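Coordinates in review
One letter stands for each residue in the lines below.
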Amino acid sequence: MAHPAAGPVVRAIFNAPDPDGYSNVTAINAVTFDLWQTLILDNRELGQQRAQARLDGAKATLLANGVDRDPDHIREAYRGCYRTCRAVRSDNKDVSFRRQVEIFIGLIDEGLSSRLPESAVDEIERSYADSFFEYPPRFHDSTEDTLNTVRSMGLSIGLISNTGMTPGYTFREFLRQHGLIDYFDVLTFSDEVLLAKPSDEIFLMTVNSLGANLDSTIHVGDHVTNDVVGANRLGMKSIWIRGFYEPEDPDDPHSQADIAVNDLSGVPEAVRQLVGR
């Protein structure tokens, strides 16, 4: 994907001395990362394949339990579930993954999730979650190098991710399979904490869990509203990865990242600049 040639510039010089000759640097001791389009790269085709796998799995489970519904009807229930959950997230909240599956089943037939055996609901949940492994995104080529560099600087590392149609427990397993989970001191997933970026609370709970302060933490992400605005509003430092989202309001000072980079490979140097090393 092409990246724009220009973007937000550094908001402040963090290693400048104050007038009395003392450093006004706030020591950086933690970095939090977004997941989608930051550490992992996804595309529309993979998303559509995962959606179809969820639909196929749900239909097969329903048929096995004596419920025969037209594929278009199931697809519309799936879309309705997406709209319902998106409305919740627009208020900076989220629903548990199990609840998301129950909403989907309930939109196929009202009350269906309570009529089905629990094992059938479990199976539909597995179809939802396992579609991620059937059609996985890829990690950015620089993901491990970036995490390793940040760790080598003595900084704590957290992850803050809105989960969408994939549960946090699936992301944990994906990170484990690729040997990356041990880089993280804290993993915060929206479906588990029932909060979605850019809520203040999801950043606060993650930073607190890291034993850090807001002004000593850098957040890295691609989404201007969820990542840059969310972090800046709380006084965190921010690194924006260009190319996926643009500011909704370019005049909003909170939408201006401390440093903008073209992709994840530029993050280590940006962290060094903000740390002052």
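Residues numbered from 1 in each chain as written. Predicted model: local features only at pLDDT ≥ 70, side-chain atom pairs only at ≥ 80, totals over all residues. Heavy atoms only, no water.

Once that is clear, we can look at the overall build of the chain. Of the regular secondary structure elements, the chain holds 11 helices and 8 strands. Since a compact globule built from 277 residues should have a radius of gyration of about 19 Å, the 21 Å found for the chain is in line with a globular shape. Overall, the chain is about 75 × 40 × 35 Å in size when its C-alpha atoms are taken along their principal axes. Here the chain, with 277 residues, has 51% of them falling under the buried criterion. Across the chain, the fraction of contacts at a sequence separation of at least 24, relative to all contacts at a separation of at least 6, is 69%. (Helix = DSSP H or I, 4+ residues; strand = E, 2+ residues; numbered from the N terminus. Rg over C-alpha atoms; globule rule 2.2 N^0.38 Å. Buried < 20%, exposed > 50% of the residue type's maximum accessible area, 1.4 Å probe, protein only. Contact = heavy atoms within 4.5 Å.)

Moving on to the pairing of strand β1 (residues 30-33). Residues A30 and T32 point to one face of β1 and V31 and F33 to the other, with burial holding for every one of them. Inspection of the sheet shows β1 paired to strand β4 (residues 156-161) by 4 bridges, in the parallel sense. By the bridge assignment for β4, T32 is matched with G158. In this structure, β1 lies alongside strand β6 (residues 217-221), joined through 4 bridges in parallel fashion. If you follow F33 over to β6, its bridge partner there is V220. (Pairing = 2+ DSSP bridges.)

Our next topic: the packing of aromatic side chains. Two numbers describe a pair of aromatic rings. These are the distance of the centres and the angle of the planes. Under the defined criterion, the tally for this structure stands at 13 aromatic pairs. On the basis of an interplanar angle of 25 degrees and a centroid distance of 5.7 Å, the ring pair of F171 and F189 is categorised as stacked. A residue pair is termed long-range when its members are at least 10 positions apart, and F171 in helix α7 (residues 168-177) and F189 in strand β5 (residues 186-189) qualify at 18 residues. Accessibility classification places F171 together with F189 in one group, the buried group. An aromatic cluster is defined as three or more aromatic residues linked by ring pairs; in this entry it consists of W36, F132, F133, F139, F171, F174 and F189. Residue placement shows R54 over the ring face of Y128; its charged tip is 5.5 Å from the ring centre. (Phe/Tyr/Trp six-rings, centres within 6.5 Å; stacked < 30°, edge-to-face > 60°. Lys NZ or Arg CZ within 6 Å of the ring centre and 35° of its normal.)

Pairing is parallel across the open sheet formed by 6 strands, whose spatial order is β5-β4-β1-β6-β7-β8. Pairing within the sheet leaves two strands with one partner each, and these edge strands are β5 and β8 (259-261). Strand after strand, the sheet turns through a mean of 20 degrees between neighbouring axes, direction not considered. Contacts between helix α9 (residues 200-209) and the sheet are confined to β1, β4, β5 and β6, with β5 contributing the most and set at about 165 degrees to the helix. Taken strand by strand, helix α10 (residues 224-232) contacts β6 and β7 (237-241), and its axis lies near 165 degrees from that of β7. (Axes fitted to C-alpha atoms, helices over the stretch in contact; angles between N-to-C directions.)

The next subject is the packing of helix α6 (residues 143-152) against helix α11 (residues 267-275). Where α6 meets α11, the closest approach of the two axes is 9 Å, and the angle between their N-to-C directions is 20 degrees. One way to sum up the angle between α6 and α11 is to call them roughly parallel. Here the hand of the crossing between α6 and α11 comes out right-handed. Of the residues in α11, those in contact with T146, T149 and V150 of α6 are V267, P268, V271 and R272. In terms of residue class, the contact of α6 with α11 is built from 4 nonpolar, 2 polar and 1 charged. (Parallel < 35°, antiparallel > 145°, perpendicular 65-115°, else oblique. Left-handed = near helix turned anticlockwise from the far one by under 90°. Nonpolar A, V, L, I, M, F, W, Y, C, P; charged D, E, K, R; others polar.)

Taken as a whole, this structure holds 19 salt bridges when the rule is applied. In this structure, the salt-bridge partner of E125 is R98, at a minimum N-O distance of 2.7 Å. In this pair, E125 sits in helix α5 (residues 118-134) while R98 sits in helix α3 (residues 97-108), placing the two residues 27 residues apart along the sequence. Given a relative accessible area of 24%, R98 falls into the partly exposed group. The salt bridge involving E269 is made with R272; its shortest N-O contact spans 3.5 Å. Here the residue E269 and the residue R272 both occupy positions in helix α11, the gap between them amounting to 3 residues, near one helical turn. (Salt bridge = Lys/Arg side-chain N within 4 Å of Asp/Glu carboxyl O.)

All right, on to the packing of α5 against α7 then. At a minimum axis distance of 10 Å, the contact between α5 and α7 shows a crossing angle of 30 degrees. Two packed elements cross with a definite hand, and for α5 against α7 that hand is right-handed. Residues E125, A129, F132 and F133 of α5 form the contact with α7, whose participating residues are Y169, T170, F171, E173, F174 and Q177. Split by residue class, the contact of α5 with α7 holds 6 nonpolar, 2 polar and 2 charged.

Mapped onto the elements of the fold, S216 is located in the loop between α9 and β6. The class for S216 is buried, based on a relative accessible area of 3%. Among the polar contacts made by the side chain of S216, one reaches the main-chain carbonyl oxygen of N213 at a distance of 3.0 Å. (Polar contact = N/O pair within 3.5 Å; in protein donor to acceptor, adjacent residues only side chain to side chain.)

P198 follows K197 through a cis peptide bond whose omega is 15 degrees. When you line up the elements, P198 lands in the loop between α8 (190-193) and α9. Although it is not a glycine, Q37 sits at a positive phi angle of roughly 60 degrees. Mapped onto the elements of the fold, Q37 is located in the loop between β1 and β2 (40-41). You can call Q37 buried: its relative accessible area is 17%.

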